[in-house]
Amino acid sequence: MSLKAALLAKRGSSIYCMERHYGHEPVAMIRLCPWQETEWMLRWSGLNSLSLAREEGRERLELHFARHHVTVIGFCLHEMLEDIQAFQLGCMRSFPASYRTTFPATEAFIEQLLVQPKTEPAASPPVR
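The rules behind these values
Per chain, residue numbering runs from 1 following the sequence as it is written. Only residues with pLDDT of 70 or above have their local features reported here, since the model is predicted, and side-chain atom pairs are shown and tallied only from 80 upward, although totals for entire chains, interfaces and linings are computed over all residues. To obtain the side-chain values, all non-hydrogen atoms of the structure were included, while hydrogens and water were left out. Runs of E in the DSSP output that reach at least two residues are strands. Runs of H or I that reach at least four are helices, and both are numbered from the N terminus. Each residue is assigned to one of three classes by its accessible area relative to the maximum for its type, calculated with a 1.4 Å probe on protein chains only: buried under 20%, partly exposed between the two thresholds, exposed over 50%. Contacts: residue pairs with any heavy atoms within 4.5 Å of one another. Here a polar contact is taken to be a pair of N or O atoms separated by no more than 3.5 Å, where protein atoms must pair a possible hydrogen donor with a possible acceptor and residues adjacent in sequence count only if both atoms sit in side chains. Side-chain atoms within 4.5 Å link the members of a nonpolar core, which is a set of buried Ala, Val, Leu, Ile, Met, Phe, Trp, Tyr and Cys residues. Note on definitions: salt bridges are taken to be side-chain nitrogens of Lys or Arg within 4 Å of carboxyl oxygens of Asp or Glu. To pair, rings of Phe, Tyr and Trp, with the six-membered ring standing in for Trp, must have centres within 6.5 Å; the planes then decide the type, stacked if under 30 degrees apart, edge-to-face if over 60, and tilted in the middle.

Colleague: Whenever I open this one, the overall build of the protein confuses me. Can you help?
Modeller: Each helix and strand counted, the protein has two helices and eight strands in total. Ordered by position from the N terminus, the helices and strands of the protein form the series α-β-β-β-β-β-β-α-β-β. Looking at the protein as a whole, 34% of its 128 residues are labelled buried. Relative to all contacts within the protein whose residues are 6 or more apart in sequence, the contacts with residues 24 or more apart total 56%.

Right, here's the structure in full:
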């Protein structure tokens, strides 16, 4: 049984690289699930800025949170921008590149998802 089939059986629904929240209240946090790595939950209120660039046929989305830097590389990532702006994106999940063919070409596909904590600047010595 493939990973996708096993996850489908476990969840009982389709699997996507992103999950939207269509409630009346915005999602307070986003769940980030890099392929076979540590999962993260970050507060949307900590999002300071984002940028989207196209490079070598892929899109690169950079999310700058107060204490974390998130890099998302994949296809059709521009489809997520409205959901991010409205804080309606509840989860982002990456899959191996070999899974790309199992997703519709117009759907966002996350090939790489990196979450890096920002280092705190060293405390400056007291001025005398």
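Don't stop here, the text continues.
Colleague: What am I meant to see in the side chain of Glu59 here?
Modeller: Take Glu59: it is sitting in strand β5 (residues 58–65). Polar side-chain contacts of Glu59 include one of 3.3 Å to the backbone nitrogen of Cys76. Beyond its immediate stretch of four places on either side in the chain, Glu59 contacts Leu52, Ala53, Arg54, Val72, Ile73, Gly74, Phe75, Cys76, Leu77 and His78.

Colleague: It is not clear to me how the environment of Leu77 should be interpreted in this structure. Could you clarify?
Modeller: Summarising the element assignment, Leu77 is placed in the loop between β6 (68–75) and α2 (81–85). Sequence-wise, Leu77 and Arg58 are 19 residues apart; in three dimensions their C-alpha atoms are separated by 8.8 Å. For Leu77, the residues in contact, after removing those within four places along its chain, are Leu52, Glu59, Arg60, Leu61, Val72, Phe109 and Ile110.

Colleague: Would you mind going over the nonpolar core with me for this structure?
Modeller: Nonpolar side chains tend toward joint burial in soluble globular proteins. Membership of the largest hydrophobic core comes to 18 residues, with the highest contact counts inside it found for Ile30, Leu32, Val70, Val72, Met80 and Met92. Those elements that place two or more of their residues in this core are β2 (29–33), β5, β6, β7 (89–93) and β8 (109–117). In terms of nonpolar packing, the next biggest core, distinct from the first, is built from five residues, Phe75, Phe95, Tyr99 and Phe109 among them.

Colleague: I'm lost on the pattern of salt bridges in this one. Help?
Modeller: Note that side chains of opposite charge can pair when their charged atoms are close. Inspection of the entire model under this criterion finds five salt bridges. Arg54 is the partner of Glu59 in a salt bridge, and the nearest nitrogen-oxygen pair spans 3.3 Å. Using a relative accessible area of 7% as the deciding quantity, one classes Glu59 as buried. The residue Arg60 makes a salt bridge to Glu55 at a minimum N-O spacing of 3.5 Å. Given a relative accessible area of 37%, Glu55 falls into the partly exposed group. Through salt bridges with shared partners, a single network forms among Glu55, Arg60 and Glu62.

Colleague: Would you take a moment to explain the packing of aromatic side chains for this structure?
Modeller: The relative placement of two aromatic rings is captured by the distance of their centres and the angle of their planes. According to the stated counting rule, one finds seven aromatic pairs in the structure shown. Seen in terms of ring centroids, Trp35 and Phe95 are 6.2 Å apart; in terms of plane orientation they differ by 45 degrees. Their pairing is tilted. Note that Trp35 is positioned in the loop between β2 and β3 (40–43) and Phe95 in the loop between β7 and β8, a separation of 60 residues in sequence. Residue class for Trp35 comes out partly exposed when judged on its relative accessible area of 28%. Between Phe103 and Phe109 the ring centres are 5.0 Å apart and the planes differ by 65 degrees, which places this aromatic pair in the edge-to-face class. A relative accessible area of 7% places Phe103 in the buried class. With relative accessibility at 0%, the residue Phe109 sits in the buried group. Within the aromatic cluster, the residues linked to one another by ring pairs are Trp35, Phe95, Tyr99, Phe103 and Phe109.

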